[in-house]
Amino acid sequence: MAAILCENCSGQYHYTQVNQPLEISCMLFLIMLGKVFLDFFMLQVKQKNVKVSFMGYFCVSLALLDFTLLMSISFIFYFEDFALWGVRFTKYHICLFTQIISRTYGILHYPVFFVAGLDYYMTIAQTSQFPRRGQRLFYVFAVVVIWISGFFRVLKVPTIYEELEIQNRFSPYQCPLYASAQSYSISCTMVLLIGTALLACRKEVLTMLLSVKVVSFAGQPVLMFSYVSNNNGTCFKRQLLTRLLVSFLGTWAPFVLLQIIILFLGARIPAYMEMNVPWLYFINSFLIAVAYWCRCHDVELTEEMWSTDPFVSWKFCFLPFNNENTEPADKPGNTVIVIC
């Protein structure tokens, strides 16, 4: 695409390059620098001993692609005007590459959400922390196919190509970027489901929060909740939903609040910013919670079972933890759940 644009509009291309404000290229560079730092920071602080999953591989690939875009922007920003393999690159390409990335990111939310959800639904009951080699290869293959399909759609579909060409021809002083409708709809769906679950379990959630106590276990502070044990199937799923909500919101409540504010304000965030590692790990925890709730009767209570989420500990959503060194619950018949 870049080579065709250079050949067909060399005079106009130079005009765009000269008149495009420096602030646009500098702004894109600074935004990508901050995003890459955030991506690798999240990959660094997450728990390391977690089960291999499709979402884990995709997060790594996204961080690497963001880093590649940052290096490309930095190279072009520094040299300003150069030729490589017969193609002339100027600061115009900073905007063009960012537009292509935005378009690609914007159409991948649904495929990633679907594949990750299906992966967790099929593998959530697996007790082994180390999947078979074939499963790892399948994850790599799925990630590569999704990225190739996304770039192929953006670069080969005539309507998208024509739209990018028109934008860059008639907006020489701007860099119009694509905002994804897929991420907006996913965010709406997640907030709606979380709100519905909170409304359905509001009494149980309130009871758990009012009973919270901070105790010391194994030299570390933990939160202790009391709840009434019930083996009835319907009541068990309701109690499980309550504990899943408390565990999920205990980690991601600020992110949920941020999504609500963005939806309320109707803010449209460019797709190259919106597809990021924190957002994917937020979706990851949500999908794990849904998979746990749907397949709760298939979950085996083993230590390897709980190393699924890099940020949320789901262990005590299933396994009440009784410890003789902690203070017992106030009412007879109650048990104790401890969340680290």
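Residues numbered from 1 in each chain as written. Predicted model: local features only at pLDDT ≥ 70, side-chain atom pairs only at ≥ 80, totals over all residues. Heavy atoms only, no water.

(A) Just the UniProt feature "transmembrane region" (unreviewed entry) in the protein chain, in detail. UniProt annotation of "transmembrane region" (unreviewed entry) refers to residues 22-42, 54-79, 107-125, 137-161, 181-201, 240-265 and 277-293 when read in the numbering used here. Taken end to end, residues 107-125 comprises 79% helix and 0% strand; its first and last C-alpha atoms sit 30 Å apart. (UniProt positions renumbered as here; feature names shortened; annotations may be inferred. Helix = DSSP H or I, 4+ residues; strand = E, 2+ residues; numbered from the N terminus.)

(B) Seen up close, the confidence of the model for the protein chain. Across the protein chain, the average pLDDT comes to 75, with 66% of residues at or above 70. Mean pLDDT values over the elements of the protein chain span from 40, in helix 2 (residues 10-19), up to 92, in helix 6 (residues 109-123). When the criterion is pLDDT under 50, residues 1-21 qualifies, and its contacts beyond four places in sequence or with other chains add up to 36 contacts. Low confidence marks residues 321-340, where pLDDT is under 50. Its contacts with residues over four positions away, or in another chain, come to 50 contacts. (pLDDT = per-residue confidence, 0-100. Contact = heavy atoms within 4.5 Å.)

(C) How the structure looks around helix 5 (residues 92-106). Between its first and last C-alpha atoms helix 5 spans 21 Å; for 15 residues at 1.5 Å apiece the expected length is 21 Å, and the two agree. In terms of residue burial, helix 5 counts as a mostly covered element, since 14 of its 15 residues are buried. (Expected span 1.5 Å × (residues − 1). Buried < 20%, exposed > 50% of the residue type's maximum accessible area, 1.4 Å probe, protein only.)

(D) Structural context of the nonpolar core. Residues Phe54, Phe58 and Leu280 are the most contacted members of the largest nonpolar core, which totals 70 residues. Looking at this core element by element, the count peaks at 12 residues for helix 13 (residues 277-294). If we skip the residues at most four places from it in the chain, Leu280 touches Met55, Phe58, Cys59, Leu62, Val112 and Met275. (Core = buried A, V, L, I, M, F, W, Y, C linked by side-chain atoms within 4.5 Å.)

(E) Structural view of helix 4 (residues 54-79). A rise of 1.5 Å per residue sets the reference length of helix 4, with its 26 residues, at 38 Å; its end C-alpha atoms lie 38 Å apart and thus fit the reference within 8%. Note on helix 4: the residue one or two positions beyond its end, Glu80, has a positive phi of about 65°.

(F) Quick peek at the packing of aromatic side chains. By the definition in use, this model includes 16 aromatic pairs. Joined through ring pairs, the aromatic side chains of Phe248, Trp252, Phe255, Trp279, Tyr281, Phe282, Phe286 and Phe311 make up one cluster. Sitting over the face of the ring of Tyr121, Arg295 holds its NZ or CZ atom 5.5 Å from the ring centroid. (Phe/Tyr/Trp six-rings, centres within 6.5 Å; stacked < 30°, edge-to-face > 60°. Lys NZ or Arg CZ within 6 Å of the ring centre and 35° of its normal.)

(G) Spatial organisation of the side chain of Ser285. Its location among the elements puts Ser285 in helix 13. Using a relative accessible area of 0% as the deciding quantity, one classes Ser285 as buried. In terms of polar contacts, Ser285 uses its side chain to reach the side chain of Asp309, at 2.7 Å. The contact partners of Ser285, leaving out residues within four places of it in the chain, are Phe248, Trp252, Asp309, Val312 and Trp314. (Polar contact = N/O pair within 3.5 Å; in protein donor to acceptor, adjacent residues only side chain to side chain.)

(H) Main features of the pattern of salt bridges. Under the criterion given, the structure shown has 1 salt bridge. A salt bridge links Lys35 to Asp66; the nearest nitrogen and oxygen atoms lie 3.1 Å apart. Residue Lys35 is located in helix 3 (residues 22-45), and its partner Asp66 is located in helix 4; the two are separated by 31 residues in the primary sequence. Of the two residues examined, Lys35 and Asp66, each falls in the buried class. (Salt bridge = Lys/Arg side-chain N within 4 Å of Asp/Glu carboxyl O.)

(I) Expanded view of the environment of Arg243. Locating Arg243 in the fold gives a position in helix 11 (residues 233-265). It is 8.6 Å that separates the C-alpha atoms of Arg243 and Met208, two residues lying 35 residues apart in sequence.

(J) Structural context of the packing of helix 4 against helix 7 (residues 133-156). In contact at an axis separation of 9 Å, helix 4 and helix 7 are set at 45° when each is read in the N-to-C sense. Relative to helix 7, helix 4 is oriented oblique. Helix 4 and helix 7 meet at a crossing whose hand is right-handed. Of helix 7, the residues touching helix 4 (which contributes Phe54, Tyr57, Phe58, Ser61, Leu62 and Leu65) are Arg136, Tyr139, Val140, Ala142, Val143, Ile146, Trp147 and Phe151. Across the contact of helix 4 with helix 7, the residue classes tally to 12 nonpolar, 1 polar and 1 charged. (Axes fitted to C-alpha atoms, helices over the stretch in contact; angles between N-to-C directions. Parallel < 35°, antiparallel > 145°, perpendicular 65-115°, else oblique. Left-handed = near helix turned anticlockwise from the far one by under 90°. Nonpolar A, V, L, I, M, F, W, Y, C, P; charged D, E, K, R; others polar.)

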